[in-house]
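Reading the structure
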Amino acid sequence: MSSSPTSFFDTVCKNFDKAAAFTGHPQGLLDQIKACNSVYQFMFPVQTDEGYDVISAWRVEHSQHKLPTKGGIRFSENVNEDEVKALAALMTYKCAIVDVPFGGAKGAVKINPAKYTLEELQRITRRYTAELVKKNFIGPGIDVPAPDYGTGPREMAWIVDTYQALNPSSIDAAACVTGKPVSQGGIRGRKEATGRGVFYAIREVCSVAEDMKALGLSTGLDGKRVIVQGLGNVGYHAAKFIQEGGGIIVGLAEYEGAIYNPKGLDLEAVIKHRKETRSIRNFPGATTLDSNRAALEMECDILVPAALENQLTEENAPRIKARIIAEGANGPTTAEAEDILLKKGIMIIPDMYANAGGVTVSYFEWLKNLQHVRMGRMGRRFTERSMGQVIDVIEKATGKKITDQQKALLVRGPDEEDLVNSGLEDTMILAYHEIRSIWKQTKGIDLRTAAFISAVNKIATSYIELGIFP
Ligand code: GLU
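To start, this report covers the structure provided alongside it. (Residues numbered from 1 in each chain as written. Predicted model: local features only at pLDDT ≥ 70, side-chain atom pairs only at ≥ 80, totals over all residues. Heavy atoms only, no water.)

**Considerations on the nonpolar core**
Grouped together as the largest cluster of nonpolar side chains are 99 residues, with contacts concentrated most on Y93, I202, L252, V304 and I324. Top contributing element to this core by residue count: helix 3 (residues 81-97), with 11 residues. Apart from residues no more than four positions distant in its own chain, I202 is found in contact with L221, I242, I302, V304, A326 and I349. One finds V46, A57, Y128 and F137 within the second-largest nonpolar core, a separate group that totals 25 residues. (Core = buried A, V, L, I, M, F, W, Y, C linked by side-chain atoms within 4.5 Å. Buried < 20%, exposed > 50% of the residue type's maximum accessible area, 1.4 Å probe, protein only. Helix = DSSP H or I, 4+ residues; strand = E, 2+ residues; numbered from the N terminus. Contact = heavy atoms within 4.5 Å.)

Okay, structure coming up:
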């Protein structure tokens, strides 16, 4: 499909160009970084109760400067090639920003998953995987898919099983896809990772007193009023960790509508209400808003669009009241909206940093699969025993005893989830300060441009060191 002037991929390229102008790299190198290297579009039939459906599908590998390439697979009726290219490009920049050593990719299957039975969905997923295997578009060292909109651990398990069946002698086959169920080689903490990463990003942004002052906000997340659009895996977990971290969830939006309560909403109670009534509408004590878009315009400090792209547009941007927008989704802000929001002095924490937690933990899962051992398995007991010995020595030397409760806390060795969360937290904090320092040092740019500059410089260094560019 050719891209119209306002296409999603064009928006990503425009943002790229804006940043590239600050890097000083030769145009040829910049063109190579920006281009989508491989676009595989294919069609395959699936037998359904009513006959056959011929399904369109894609896998786009945007950049192979580092291998494997990495990115989710989206099941959605509304996907098109332009969108897959844009999302694949964002994966390249995302991985570079958080120092995940992968190129970017994305896949899509143009279906409405709700229209198919479980059996049909499995058939579609397996056939999609087989098509990727045939063309060498999947493999632990080639291209490693993951969940995205409309897919989850269930589909990833079908993918790994299909890949294994077609590559029976591959000892590293489990690393061909991430986001698997833990019992199928997945890693603890992957499911929550994107939402947790959004939370770490927001918390870090809010911890910088100078920046908060400039926005007219107090330092820290505590007491900040937050609206989250989307209660899927990303939105739900972001809201959960934000609430646990001291933020007040004042608004929640899903496709059926939105709810708002300036005094705060209890997330778990809302989830329970939605399960019981099949809607978040009419949650006791909250105002129900007719459209989920209306929630974006309500009074708050932080807005987290965690649903789909193109939610903040030229049309609604002038009415946005948030001071900070944290992009949990990929591409929720159009270029036109961004200009308006930045003029209003709103700080935008860009998608390719804010939602990079998912791919970061995917990287840890891939490492676990290649190591064939659970993180923490070798060292946890050793750490506990060593710490116990240190406490014994201190107790003997001081003649004082600590309580069993204190001891249990001090000697605890890290398990897999502790290590995953610690690695994710460290990644998000370091990446933010890398971006922030570029933002502060380069006059007149915004955080997204700073994030792009960080990514472009890292990818350019790769190409230069590999000898592909002088
Ligand atoms: N689909 C997620 C994203 O857009 C995760 C990708 C991955 O883990 O490879 O970042």
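**A few points about the pairing of strand 10 (residues 302-305)**
The alternating pattern of strand 10 places I302 and V304 on one face and L303 and P305 on the opposite face, and all of these are buried. As defined by bridge partners, strand 6 (residues 225-229) adjoins strand 10 across 4 bridges and the pair is classed as parallel. Each bridged residue has a counterpart across the sheet, and for I227 the counterpart in strand 10 is L303. As judged from the 2 bridges shared by strand 10 and strand 11 (residues 324-326), these two strands associate in the parallel manner. Pairing of I302 across the sheet is with I324, part of strand 11. (Pairing = 2+ DSSP bridges.)

**Some words on the site of the ligand**
Near the ligand there are 14 residues, and of these K70, K94, P147, D148 and S362 occur at the shortest range. A distance of 2.7 Å is found between an oxygen atom of the ligand and a side-chain nitrogen or oxygen belonging to K94. In the environment of the ligand, a nitrogen atom lies 2.8 Å from a nitrogen or oxygen atom belonging to the backbone of P147. Protein coverage of the free-state accessible area of the ligand, which is 290 Å², stands at 94%. If you list the elements that add at least two residues to the shell around the ligand, you get strand 3 (69-75), helix 3, strand 5 (143-147) and helix 13 (357-371). Of the residues in the shell around the ligand, the class split is 4 nonpolar, 5 polar and 5 charged. (Near = heavy atom within 4 Å. Polar contact = N/O pair within 3.5 Å; in protein donor to acceptor, adjacent residues only side chain to side chain. Areas by Shrake-Rupley, 256 points an atom, 1.4 Å probe, with all protein chains shown as cover. Nonpolar A, V, L, I, M, F, W, Y, C, P; charged D, E, K, R; others polar.)

**Regarding the environment of L67**
Along the chain, L67 turns up in the loop between strand 2 (51-61) and strand 3. Take L67: its relative accessible area is 49%, and that puts it in the partly exposed class. Separated by 76 residues in sequence, L67 and D143 place their C-alpha atoms 7.3 Å apart. Leaving out residues up to four positions away in the same chain, L67 has contacts with P101, G141 and I142.

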